[in-house]
Amino acid sequence: MAVTTRILGRSGIEVSALGMGCWAIGGPWAEGSQPLGWGAVDDEESVRAVRRALDLGVTLFDTADTYGAGHSERILGRALAGRRDAAVIATKWGYTFDEATRQATGHDASPAYLRRAVTDSLRRLGTDRIDLYQLHLADLPVSRAEALIGTLEELVAGGLIRAYGWSTDRPDRAAAFGPAAAGATAVQHNLSVLRDAPELLAVCDKYDLASVNRGPLGMGLLTGKYTATSTLPRDDVRGLAPGWLEWFRGGRPAPEWLRRVAAVRAALTGDGRTLAQGALGWIWARSGRTIPIPGCRTVAQVVENAAALDRGPLGPDQFAEVERQLAALRSAALRGADHAHWPAPALPAVHP
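How each quantity is defined
- Residues numbered from 1 in each chain as written.
- Predicted model: local features only at pLDDT ≥ 70, side-chain atom pairs only at ≥ 80, totals over all residues.
- Heavy atoms only, no water.
- Core = buried A, V, L, I, M, F, W, Y, C linked by side-chain atoms within 4.5 Å.
- Buried < 20%, exposed > 50% of the residue type's maximum accessible area, 1.4 Å probe, protein only.
- Helix = DSSP H or I, 4+ residues; strand = E, 2+ residues; numbered from the N terminus.
- Contact = heavy atoms within 4.5 Å.
- Arc of directions from axis to C-beta.
- Polar contact = N/O pair within 3.5 Å; in protein donor to acceptor, adjacent residues only side chain to side chain.

Caption draft 1: How the structure looks around the nonpolar core. In this structure, Met 20 and Phe 61 are the most contacted members of the largest nonpolar core, which totals 98 residues. Here this core takes 7 residues from helix α9 (residues 275-286), the largest share from any one element. Residues within four places of Phe 61 in sequence aside, it is in contact with Met 20, Cys 22, Val 50, Ala 53, Leu 54, Leu 76, Leu 80, Ala 87, Val 88, Ile 89 and Ala 90. If you look at the next biggest cluster of nonpolar residues, it comprises 12 residues, including Ala 186, Ala 210, Val 212 and Ile 291.

Structure (structure tokens):
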């Protein structure tokens, strides 16, 4: 059964059930010598990809001010020019950066910086409001995050943002905005068939928050195009993977994750879906609150992912078969080489 729209938590904002992640279209940027982008990017193709996504019914576009040191927001704004009212824009703040050198420079969790950051994002995006504004500092202490709520509520009242949320994989952080923040409507967190997040989904259920899912395709592993011999270029964040990036090591897919992809491939594609479409269907079947935001930088990627909307969630029998395969893999992992990586890999630190 097709699934085309979902409600963005308690905001009441209707969005497409599939979003487009815009990290990759930011192009190169770095923290010192550590690349944080996905390598060189064709801005014209990025613009075409965003516009094609909108044509195919994708209305939610998720970016961050730090992606490409502002470049992703600029490209997204350019692509949506003249069609702004058809789109729902989500962006993030908290990291500091130098646009001229495309270098990450640190972070700032102060209310004053929040006010500057939202103004700068509005300028780069070429819009008068941000639909979903997300705190990007995953590990910020709860007390410091709560100190931002008053400013966020003022921004809502002033019409600069419509709603806000937190991008974090830590349930205690996600829960902090639930009872205390009237305008909070979403948690952005990792979720994929390779890595479930039951505690975060429970927080979303408890507080009526949307579950916006980054990493729904395992940074490309669930597209099926990578093998044990694949090598990513060193200007790609996956090619010189920092410690918080779990899917790749030494510029190659981590073998324990490739084994998991192989284990669920047949179940995800059994009804004719591509592997990526099956992975997205699993997420929709997992919860009625989920909104996966796979990253795209080409029209072809957009077209394949958008076709998953017509397929909809996995059916009950197909979902159950995927879960059976995962349960068997879990048991084997606990007896073998994957013990350190299953069932709960280390949480990422502060990037992306």
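Caption draft 2: Layout of helix α7 (residues 198-207). Burial in α7 covers these residues: Leu 200, Leu 201, Val 203, Cys 204 and Tyr 207. Looking straight down α7, one finds that the buried residues subtend no more than 155° of arc, so they occupy a single side. Facing away from the buried surface of α7 by more than 90 degrees, the exposed residues are Glu 199 and Lys 206. Buried residues in α7 make contact with α6 (171-180), β12 (184-190), β13 (210-214), α9 and β16 (290-292). The positive-phi residue at the C-terminal boundary of α7 is Asp 208, with phi of around 60°.

Caption draft 3: View of the side chain of Arg 84. Within the element layout of this structure, Arg 84 appears in the loop between α2 (71-80) and β7 (88-93). By relative accessible area, which is 12% here, Arg 84 ends up buried. Looking at Arg 84, its side chain comes within polar contact range of the side chain of Thr 127, at 2.8 Å. With residues near it in sequence (within four places) discarded, Arg 84 still touches Ile 89, Thr 127, Arg 129 and Asp 131.

So far we have only geometry, and geometry alone does not tell us how the molecule works.
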